[in-house]
2 protein chains.
Amino acid sequence: MSDKIYVGVDIGGTAIKVGICNESGDLLQTYEGPTETEQGTDAILSKIANYARHVVSESPYTWEQVAGVGVGIPGFMDFDKGFIKFSPNLPLTNVPLKDHLEAALNKPVRVNNDANVAALGEAWGGAGRGVSSVVCYTLGTGVGGGIVVGGRLIEGFSGMAGELGHISIVPDLEAIQCGCGKIGCLETVSSATGIIRMAKDAVERGDRTSLSLVETIMAKDVVDAAKNGDEVAQRIVSRAAFYLGKSMALVAVVVNPQRFIIGGGVSKAGEFLFSQIREVFQKYTQDKAQEGVDIVAAELGNNAGVVGAAGLMHNA
Amino acid sequence: MSDKIYVGVDIGGTAIKVGICNESGDLLQTYEGPTETEQGTDAILSKIANYARHVVSESPYTWEQVAGVGVGIPGFMDFDKGFIKFSPNLPLTNVPLKDHLEAALNKPVRVNNDANVAALGEAWGGAGRGVSSVVCYTLGTGVGGGIVVGGRLIEGFSGMAGELGHISIVPDLEAIQCGCGKIGCLETVSSATGIIRMAKDAVERGDRTSLSLVETIMAKDVVDAAKNGDEVAQRIVSRAAFYLGKSMALVAVVVNPQRFIIGGGVSKAGEFLFSQIREVFQKYTQDKAQEGVDIVAAELGNNAGVVGAAGLMHNA
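Residues numbered from 1 in each chain as written. Chains lettered and ligands numbered in written order. Predicted model: local features only at pLDDT ≥ 70, side-chain atom pairs only at ≥ 80, totals over all residues. Heavy atoms only, no water.

Caption draft 1: Molecular detail of the overall build of chain A. Across its full length, chain A holds ten helices and 13 strands. A compact globule built from 316 residues would reach a C-alpha radius of gyration of about 20 Å, and chain A, at 20 Å, matches this within 12%. Across its three principal axes, chain A shows a C-alpha extent of roughly 60 × 45 × 35 Å. Out of the 316 residues belonging to chain A, those deemed buried represent 56%. Counting only contacts in chain A whose residues sit at least 6 apart along the sequence, the fraction spanning at least 24 positions is 61%. (Helix = DSSP H or I, 4+ residues; strand = E, 2+ residues; numbered from the N terminus. Rg over C-alpha atoms; globule rule 2.2 N^0.38 Å. Buried < 20%, exposed > 50% of the residue type's maximum accessible area, 1.4 Å probe, protein only. Contact = heavy atoms within 4.5 Å.)

Okay, here's the thing in structure tokens:
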């Protein structure tokens with residue numbers, strides 16, 4: 001029990017999840033507590049430090065074995081300085097998070113955004129184990145992403161690398177504006193939000209679909225209807241899959257990863273979705289950039305964040 | 001004169017160019033000799049070694065100061081092993097180039113493809129000096145590319161990273177097949193070949209354009225006609241610029257480079273082309289991924305290859 005351990009912290013709007021990983025990226029222990037954002041900045045900073053110490057105190061490991069603490073958080077930040085420039089839903093905007101936690105914990109701390117950290121988690125301890133380079137997509141409310149090459153995140157000049165949801169991929173003639181202000185972003189069609197929007201549009205304009213009977217349409221309803229043969233729903237899922245597959249074809253000749261990993265709620269559609277994505281990927285990707293490259297489901301689910309946060313310190 | 005020097009070799013179908021760089025990426029001395037591919041594999045291997053020794057012997061430096069020899073060559077290869085799998089126009093297919101040269105020169109050798117090496121040259125000693133991450137486009141017969149992050153090339157799982165000419169970016173309805181077999185690749189519209197093809201198509205279908213008077217249309221003719229107000233030529237150049245700018249918008253949220261560098265024959269169109277590319281880039285790129293990011297012309301011209309080849313050893 002003298003091995004080094006890595007503590008990961010995944011900060012969300014409702015809960016803060018902490019975990020311990022070993023050198024191999026195995027998640028050994030977790031703890032979760034409420035974020036209680038309404039208590040403000042100081043309270044949340046104390047909670048992070050307390051939860052980190054707590055998960056170790058409840059484990060067979062000692063605080064001395066902790067090589068460092070990694071933190072994943074939604075928002076924009078300076079990764080090197082660990083300074084949070086903006087975090088939606090969290091009272092951590094303009095907070096030097098790394099400095100605070102290093103002082104409180106007396107350990108090196110690294111900070112990154114939630115999508116990158118989830119990608120690193122899958123790459124290190126999930127579906128990307130043992131793979132040289134992976135690109136991860138998280139299909140949720142938006143489309144998140146992260147790129148890991150040789151165990152390290154590609155962060156980009158201003159932290160915008162791996163923002164795969166904002167690949168401008170839908171041609172102008174069929175594009176709509178994205179929440180980011182630009183048009184044609186991948187997440188306008190391939191996120192849960194995008195799928196729900198397309199379904200609502202179809203119902204509103206009177207397309208004949210079983211979805212017109214659903215009171216509050218969720219992405220899962222659309223996928224289920226498509227699986228049951230509803231042609232309108234099939235067209236919507238195919239469109240989401242088309243642009244995902246096409247975006248992977250682009251990424252394949254830009255970073256040429258060995259594996260694409262897809263997680264998030266929409267990915268639960270499973271092979272029905274994946275087979276369509278693979279077909280498009282094969283059609284548009286140069287042969288040499290798809291040889292030996294696979295597209296697989298994420299494995300860690302909600303634990304990707306803590307594992308990846310711990311991974312920030314492992315490959316630091 | 002006891003500093004380390006780096007030798008770069010740029011192997012082309014007609015000439016082999018060698019050069020010496022210092023630690024800063026300055027090109028100190030060059031030498032060039034004929035490739036004479038018809039003399040076969042052994043002859044070309046001897047030439048490379050001889051030219052490398054020659055350029056140093058004619059310089060104020062000694063062979064002992066050579067930290068290593070880098071080689072850029074068109075084709076597909078295993079970068080780590082330095083094994084050439086296929087090289088068009090050169091008798092080096094299935095040749096363990098690195099092993100041969102290390103034995104002949106008694107120095108460490110690294111091998112990479114010509115597009116990557118040109119990108120590294122610009123990043124290290126050209127338009128990317130002092131910049132953290134650059135993406136280079138070379139607009140010639142095809143569209144070549146290379147991505148340099150933190151001074152190192154992103155090579156990809158099978159060496160296909162930075163193959164920017166094969167980004168599948170033209171929508172199906174207006175796409176044609178690329179030489180690679182796929183459809184909609186960037187180089188079908190934004191290379192010299194693509195521009196010439198679009199011009200010939202316009203002339204053949206009877207579009208009213210001054211290009212119908214040109215016997216053998218070159219890309220420069222199309223650019224010149226566009227600058228002179230020929231609307232058909234303007235549309236062709238704008239289309240080439242549109243997909244270049246749009247591809248950069250994609251790359252901006254995948255690797256988020258600090259600078260895009262454009263070289264190759266077509267880039268000589270200058271600001272006329274660049275201003276159109278920038279406009280498209282600004283339109284389609286998320287604000288945070290374009291802040292502080294610029295699009296500039298390459299600086300090293302035909303020397304990018306030797307400088308980048310030398311750079312393979314500098315950041316090895």
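Caption draft 2: Local environment of the interface of chain A and chain B. At the junction of the two partners, chain A supplies 46 residues and chain B supplies 46 residues. Counting across the interface, chain A meets chain B through four salt bridges. Note that lysine 283 of chain B is salt-bridged to aspartate 172 of chain A, the shortest N-O span being 3.6 Å. Applying the counting criterion to the chain A and chain B interface returns 21 residue pairs in polar contact (both at pLDDT 80 or more). (Salt bridge = Lys/Arg side-chain N within 4 Å of Asp/Glu carboxyl O. Polar contact = N/O pair within 3.5 Å; in protein donor to acceptor, adjacent residues only side chain to side chain.)

Caption draft 3: Helix H7 (residues 231-254) of chain B, seen in detail. Residues and elements named next belong to chain B. Spanning 24 residues, H7 covers 34 Å between terminal C-alpha atoms, matching the ideal 34 Å at 1.5 Å per step. For H7, a buried count of 18 out of 24 residues is recorded, marking the element as mostly surrounded by other parts of the structure. Two or three places before valine 232, at the opening of H7, aspartate 230 has a side-chain oxygen 3.1 Å from that residue's backbone nitrogen. Directly after H7, the chain includes asparagine 256, whose backbone phi takes a positive value near 50 degrees. (Expected span 1.5 Å × (residues − 1).)

Caption draft 4: The nonpolar core, seen in detail. Counting 109 residues, the largest nonpolar core has Tyr137 and Phe260 of chain A together with Tyr137 and Phe260 of chain B as its most contacted members. When residues in this core are grouped by element, the largest group, 15 residues, is from helix H7 (residues 231-254) of chain A. Beyond its immediate chain neighbours, meaning those up to four positions away, phenylalanine 260 of chain B contacts Val135, Tyr137, Met248, Val251, Ala252, Phe281, Val293, Asp294, Ile295 and Val296 of chain B. (Core = buried A, V, L, I, M, F, W, Y, C linked by side-chain atoms within 4.5 Å.)

Caption draft 5: Molecular detail of the side chain of glutamate 187 of chain A. Residue and element names in this part refer to chain A. Assignment of secondary structure puts glutamate 187 in helix H4 (residues 187-190). Despite its burial, glutamate 187 pairs with no opposite charge, the nearest such side chain being arginine 197 at 11 Å. If sequence neighbours within four positions are ignored, glutamate 187 has contacts with Gly142, Val143, Gly165, His166, Cys178 and Gly194. (Lys, Arg positive; Asp, Glu negative; His and termini not counted.)

Caption draft 6: The arrangement of the sheet that holds strand S8 (residues 109-113) of chain B in detail. Residues and elements named next belong to chain B. Across the sheet, which stays open at both edges, the five strands sit in the order S3-S2-S1-S4-S8 with mixed pairing between neighbours. Across the chains shown, the open sheet's two edge strands, defined by having one partner strand only, are strand S3 (27-34) and S8. Looking at each pair of strands side by side, their axes are set apart by 20 degrees on average, direction ignored. The sheet contact formed by strand S1 (residues 5-11) and strand S2 (residues 15-21) spans six bridges and is antiparallel. Residue pairing across strands places valine 9 opposite valine 18, the latter belonging to S2. Along the sheet, helix H2 (residues 97-105) makes contact with strand S4 (66-73) and S8, crossing S8 at roughly 145 degrees. Across the sheet, helix H3 (residues 114-125) lies against S1, S2, S4 and S8, angled at about 105 degrees from S8, the strand it touches most. (Pairing = 2+ DSSP bridges. Axes fitted to C-alpha atoms, helices over the stretch in contact; angles between N-to-C directions.)

Caption draft 7: Representation of the side chain of lysine 17 of chain A in the model. Residue and element names in this part refer to chain A. With respect to the secondary-structure elements, lysine 17 resides in strand S2 (residues 15-21). Buried charged residue lysine 17 carries no salt bridge. Nearest counter-charge: glutamate 32, at 4.1 Å. At 2.9 Å, the side chain of lysine 17 forms a polar contact with the side chain of asparagine 303.

Caption draft 8: Fine view of the sheet that holds strand S1 (residues 5-11) of chain A. All names here are of chain A. An order of S3-S2-S1-S4-S8 is seen for the five strands of this open sheet, with the pairing classed as mixed. Each end of this open sheet is capped by a strand with a single partner; those strands are strand S3 (27-34) and strand S8 (109-113). Neighbour to neighbour, the strand axes of the sheet diverge by 20 degrees on average, direction disregarded. Two strands pair when backbone bridges link them, and S1 and strand S4 (residues 66-73) are joined in this way by six bridges, in the parallel orientation. Paired with isoleucine 5 across the strands is valine 66, a residue of S4. Its contacts with the sheet put helix H3 (residues 114-125) on S1, S2, S4 and S8, and the angle it makes with S8 is roughly 105 degrees. Along the sheet face, helix H10 (residues 304-314) touches S1, S2, S3, S4 and S8 and points at about 130 degrees away from the line of S1.

Caption draft 9: View of the packing of aromatic side chains. Residues and elements named next belong to chain B. Applying the stated criterion across every chain, the model contains twelve aromatic pairs over all chains. An angle of 85 degrees between the planes, with centres 6.3 Å apart, marks the rings of tyrosine 6 and tryptophan 124 as edge-to-face. Placement of the pair is tyrosine 6 in strand S1 and tryptophan 124 in helix H3, with a sequence separation of 118 residues. Taking relative accessible area as the criterion, tryptophan 124 reaches 12% and is therefore assigned buried. With a centroid separation of 5.5 Å and 70 degrees between ring planes, the pair formed by phenylalanine 260 and phenylalanine 281 is classed as edge-to-face. (Phe/Tyr/Trp six-rings, centres within 6.5 Å; stacked < 30°, edge-to-face > 60°.)

Nothing here speaks to function; it is geometry throughout.
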